[in-house]
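Breakdown of the fold
Each chain, letter by letter, is given below.
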Amino acid sequence: MITNQKTGRNAPCPCGSGIKYKKCCLPAQEAARTKRLAAQSPGAIAAHAVPESLTEMHASVDRIAWTQPQYGDIARELVPHLAQRYSWDEIHATILIWFAYSREQAPVVQKPGIVFAALEYSLSILAGRPNVTKAEVAKRYEVSAGSVSKRIGELAPYVERTLEAMAS
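Residues numbered from 1 in each chain as written. Predicted model: local features only at pLDDT ≥ 70, side-chain atom pairs only at ≥ 80, totals over all residues. Heavy atoms only, no water.

The chain has the name Zinc chelation protein SecC in an unreviewed UniProt entry, where Paenibacillus glycinis is given as its organism.

Structure below.
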C-alpha cells in the first residue's frame, strides 16, 4: 500500500542516508519546487527591470500572482518601510523572497509587523549590513524579538537560496 504522506523535517530522510530530511534532501527539493513554481507562472515573478520608485514597486507587487490577497497587502505595506533604508534592488529581492516563502509555506499572519521585521532583518543579511539587529527591527515594528527570530528561521532557506543565486 502506497501513501502520499509528507516527510517531516526531523524525520529520517527517505533516501536512506540516515540523516534528518531537513539536512539531507529537503533543501534540494525546495529549490526544485521553487523553480517549478516560477516556470508554471512566469508572470508571477517579474523578470522585468527592477522597479525604481515607490509607484513602480507597488505596481510590481500588484503584478505578482499572490496565493492570498493578504500576502500581497503585506508586500505592498512593507515597501515604504524599507524604501528609506534600502535600494530598490534590495527591496525587490525581499519581495521575491516573501513571494516564494508565502507561496510554498502559506503562513498564517496574525501580526504583519513580525513579517516586516523578519524580512527587514533578512534583507540586512542580503545587503551585508551586520550591524542591524533582531532587537532593533523588532522594536521598529513594535513586536517581540522572539517572534521575529522564529519567522527569520522560517525565511532562512529562502534567503540562503537568494544568496546562492546572487553569487552565481
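More follows now that the structure is in view.
**Looking at the packing of helix 2 (residues 54-63) against helix 3 (residues 69-83)**
As a reminder of what qualifies: Orientation is described by lines fitted to C-alpha atoms, with helices fitted over the stretch in contact, and by angles between N-to-C directions that extend from 0 to 180 degrees. Helix and strand assignments follow DSSP, with helices taken as H or I runs no shorter than four residues and strands as E runs no shorter than two, numbered in order from the N terminus. Roughly parallel means an angle under 35 degrees; roughly antiparallel means over 145; roughly perpendicular covers 65 to 115; every other angle is labelled oblique. Crossing handedness follows the turn of the near helix against the far one: under a right angle anticlockwise gives a left-handed crossing, and clockwise gives a right-handed one. Should any heavy atoms of two residues lie within 4.5 Å, those residues are considered in contact. Polar here means any residue other than Ala, Val, Leu, Ile, Met, Phe, Trp, Tyr, Cys and Pro, which are nonpolar, and Asp, Glu, Lys and Arg, which are charged; Gly is therefore polar.
At a closest axis distance of 9 Å, the pairing of helix 2 and helix 3 adopts a crossing angle of 165°. As the angle between them shows, helix 2 and helix 3 are arranged roughly antiparallel. Note that helix 2 runs across helix 3; the crossing there is right-handed. Together, Leu-54, Met-57, His-58, Val-61 and Asp-62 of helix 2 and Gly-72, Ala-75, Arg-76, Val-79 and Pro-80 of helix 3 make up the contact between the two elements. Considered class by class, the residues forming the contact of helix 2 with helix 3 number 6 nonpolar, 2 polar and 2 charged.

**Observations concerning the side chain of Arg-151**
As a reminder of what qualifies: Partly exposed residues are those whose accessible area sits between 20% and 50% of the maximum for their type, while under 20% is buried and over 50% is exposed, using a 1.4 Å probe and protein chains only.
Tracing the chain through its elements places Arg-151 in helix 7 (residues 145-167). Given a relative accessible area of 13%, Arg-151 falls into the buried group. Ignoring anything within four residues of it in the chain, the contact list for Arg-151 reads Tyr-101, Pro-107, Val-108, Ile-114, Val-115 and Ala-118.

**A few points about the packing of aromatic side chains**
Worth spelling out the cut-off: Stacked, edge-to-face and tilted labels apply to pairs of Phe, Tyr and Trp rings (six-membered ring for Trp) whose centres lie within 6.5 Å, assigned for plane angles under 30 degrees, over 60, and everything in between, in that order.
Inspection of every chain in the model, using the stated rule, returns 5 aromatic pairs. For the ring pair Trp-98 and Tyr-101, a centre distance of 5.8 Å and an interplane angle of 40° mean the geometry is tilted. One end of the pair is Trp-98 and the other is Tyr-101, both in helix 4 (residues 88-105) and 3 residues apart, which spans about a single turn. Like Tyr-101, Trp-98 is buried. Ring centres of Tyr-101 and Tyr-158 lie 5.5 Å apart, and the angle between their planes is 80°; on these two criteria the pair is classed as edge-to-face. Of this pair, Tyr-101 sits in helix 4 while Tyr-158 sits in helix 7, placing them 57 residues apart in sequence. The pair formed by Tyr-101 and Tyr-158 is uniform in burial state, with each residue classed as buried. Among the aromatic residues, those joined into a cluster by ring pairs are Tyr-71, Trp-98, Tyr-101 and Tyr-158.

**Observations concerning helix 4**
Short version of the rule: A helix is expected to reach a length of 1.5 Å times the quantity of its residues less one.
Taking 1.5 Å of rise per residue, the 18 residues of helix 4 would be expected to cover 26 Å, and the 25 Å separating its terminal C-alpha atoms lies within 8% of that figure. Most of helix 4 is tucked away: 13 of the 18 residues are buried. Ala-106 sits one or two positions beyond helix 4 and adopts a positive phi of about 45°.

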